[in-house]
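Residue strings, one per chain:
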Amino acid sequence: MNAQSTPRISADGTVLHLLLGEAETRFHAIWLRDNALDADTRDPGNGQRLITLGDLPDTVTLTDARLAEGQLHITFQPEGKTCAFPLRWLADHTYDTSAPAPLLTKNVTPWDSAMAPPSADLTALQTNDDTRRDWLASIRRYGFAKVTGMTPREGGLFDIVDLFGYVRETNYGRLFEVRTEVNPTNLAYTGLGLQAHTDNPYRDPVPTLQVLACLENSATGGENMVVDGFAAALRLRDENPAGFDLLAGYPMRFAYTGSAGVALHSRRPMIELSPDGTLQSIRFNARSAAPCTDVPFDKMADWYAAYRRLSDIIDDTAQEVHFKLAPGEAFIVDNTRVLHARKGYSGAGNRWLQGCYADKDGLLSTLAALEAQDA
Ligand code: AKG
């Protein structure tokens, strides 16, 4: 079959064979009918599907398939309905592959201490769509980016969230103050060092983005570190595949009951995979780890060994990028992937950060819209 050859329909009419590029690919008749692009199937304005599967015949077959002007035209039976599919659209939506799902999606690149932090100036982000698109794309790729050139002021961190979406308010407020408090409701509000962690693992769903912006940082210490949790998980998998499977295969428990009226609990694995094996998220937070009760007795020792090794990998300076935020600087992390840490601080001077949460769906949506604008 060459590029212009006639598409072929299987003898029972349920499968279409089509040459796309160099390779022949198959589509099921039911898949094509369900995903038809015509105005009776999809609303032309908002793109939403107008039908349910119950509106389709029990058995859908194909009786005619031909190519014309870059489109595939096929006729569905028993409806007798002919629909057109752009070949480009079909190429973007093929599923006829035996390759296993990749461990990382295509827009994700793991990193270690050699990575230079992606960074952009706030005014440029607010005024230049290309800068904003590239900065958002680096958060999608690396799960982390810095912002410079902010005016150090209370609530200034919301300017960062305004670049792509909305704040996720929690029991810590719309924003939270990260500075030493007399009776802290969270160890983050002390001068203690904090091991690299993802925030709020005791929530389900977790806030998928976290922003931390610096207003003052004259104390000694208080540097920040970030660690790619996906890179750490991949390193564990290379060293100890069975340990990786244990952390991915059993739920961990996380809890927070540190302030009145709040009792947050979750039951999720530390390494979360999609059903077909792609790395989806990391939850790691020693402060909020609750007793693990879901690993069978005879696997608990191995589960702990894997947990200990993951913790050691996360603490390895070869995995971490570190920096000291200056007033007017901030960073954002993908809280489903990148862990953040802080060195302890003390002595003269002040350290004052403000933090807030937001969600990645809004960020990815804004990025996709900016990319579509360029396409
Ligand atoms: C948090 O608020 O989640 C922190 O880890 C605080 C980080 C810092 O103080 O730099």
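I will try to describe carefully the structure that is included in this document. These figures come from a predicted structure and were not determined experimentally.

Around the ligand sit 13 residues in total, of which His197, Asp199, Asn224, Arg342 and Arg351 are the nearest. In this structure, an oxygen atom belonging to the ligand sits 2.8 Å away from a side-chain N or O atom of Asp199. Measuring from an oxygen atom of the ligand, one finds a side-chain N or O atom of Arg342 at 2.9 Å. A total of 290 Å² of accessible area belongs to the ligand in isolation, and the protein chains cover 98% of it. Going through the elements one at a time, strand S10 (176-178), strand S11 (194-197), strand S12 (209-217), strand S21 (338-342) and strand S23 (351-358) are the ones with two or more residues in the shell around the ligand. A per-class count over the shell around the ligand returns six nonpolar, four polar and three charged.

Time to look at unusual backbone geometry. Pro78 follows Gln77 through a cis peptide bond whose omega is 10 degrees. Across the junction of Asp204 and Pro205, the peptide omega takes the value 10 degrees, indicating a cis bond. Within the secondary structure, Pro205 sits in the loop between S11 and S12. In this structure, Asn200 is a non-glycine residue whose phi angle is positive, near 50 degrees. Judged by its relative accessible area of 3%, Asn200 is buried.

Quick look at the nonpolar core now. By size, the foremost hydrophobic cluster in this structure holds 56 residues, and its most contacted members are Val226, Leu247, Ile271 and Trp303. No other element matches the six residues that helix H8 (residues 297-315) contributes to this core. Once residues lying within four places of it in the same chain are set aside, the contact partners of Leu247 are Leu236, Pro269, Met270, Ile271, Trp303, Ala306, Tyr307 and Leu310. Ala145, Met150, Val161 and Ala330 belong to the second largest nonpolar core, which has 26 residues in total.

It is worth spelling out the packing of aromatic side chains at this point. A full pass over the atoms with the stated rule returns 18 aromatic pairs. Taking the centre distance of 6.2 Å and the plane angle of 40 degrees together, the rings of Trp111 and Phe144 count as tilted. Pair noted here: Trp111 is in the loop between helix H2 (87-92) and strand S7 (119-121) and Phe144 is in strand S8 (residues 144-148), with a separation of 33 residues, a long-range link. With a relative accessible area of 0%, Phe144 lands in the buried category. Ring centres of Phe176 and Tyr357 lie 5.0 Å apart, and the angle between their planes is 40 degrees; on these two criteria the pair is classed as tilted. Here Phe176, found in strand S10, pairs with Tyr357, found in strand S23; they are 181 residues apart in sequence, far enough to count as distant. Aromatic rings pair up to connect Tyr172, Phe176, Tyr189, Tyr202, Tyr256 and Tyr357 into one cluster. In this structure, Arg33 packs its charged tip against the face of Phe76, placed 5.9 Å from the ring centre. Note that Arg179 overlies the ring of Trp352, its terminal NZ or CZ placed 4.6 Å from the centroid.

As a further point, take the side chain of Ser311. Locating Ser311 in the fold gives a position in helix H8. On the accessibility criterion, Ser311 (16% relative accessible area) is buried. With residues near it in sequence (within four places) discarded, Ser311 still touches Gln195 and Phe284.

A full pass over the atoms with the stated rule returns 24 salt bridges. Residues Asp130 and Arg133 are paired through a salt bridge, measuring 3.3 Å at the closest nitrogen-oxygen approach. Placement of both Asp130 and Arg133 in helix H4 (residues 129-142) is noted, with a separation of three residues, approximately one turn of the helix. For Asp130, a relative accessible area of 41% puts it in the partly exposed group. A relative accessible area of 19% means that Arg133 is categorised as buried. In this structure, the salt-bridge partner of Arg268 is Glu272, at a minimum N-O distance of 2.6 Å. Judged by its relative accessible area of 27%, Arg268 is partly exposed. Relative accessible area serves as the criterion here: at 14%, Glu272 is assigned to the buried category. Because the salt bridges share partners, they merge into one network encompassing Asp130, Arg133, Asp134 and Asp374.

Calculation notes
- Residues numbered from 1 in each chain as written.
- Predicted model: local features only at pLDDT ≥ 70, side-chain atom pairs only at ≥ 80, totals over all residues.
- Heavy atoms only, no water.
- Near = heavy atom within 4 Å.
- Polar contact = N/O pair within 3.5 Å; in protein donor to acceptor, adjacent residues only side chain to side chain.
- Areas by Shrake-Rupley, 256 points an atom, 1.4 Å probe, with all protein chains shown as cover.
- Helix = DSSP H or I, 4+ residues; strand = E, 2+ residues; numbered from the N terminus.
- Nonpolar A, V, L, I, M, F, W, Y, C, P; charged D, E, K, R; others polar.
- Buried < 20%, exposed > 50% of the residue type's maximum accessible area, 1.4 Å probe, protein only.
- Core = buried A, V, L, I, M, F, W, Y, C linked by side-chain atoms within 4.5 Å.
- Contact = heavy atoms within 4.5 Å.
- Phe/Tyr/Trp six-rings, centres within 6.5 Å; stacked < 30°, edge-to-face > 60°.
- Lys NZ or Arg CZ within 6 Å of the ring centre and 35° of its normal.
- Salt bridge = Lys/Arg side-chain N within 4 Å of Asp/Glu carboxyl O.

Function cannot be read off these values alone, since they describe shape.
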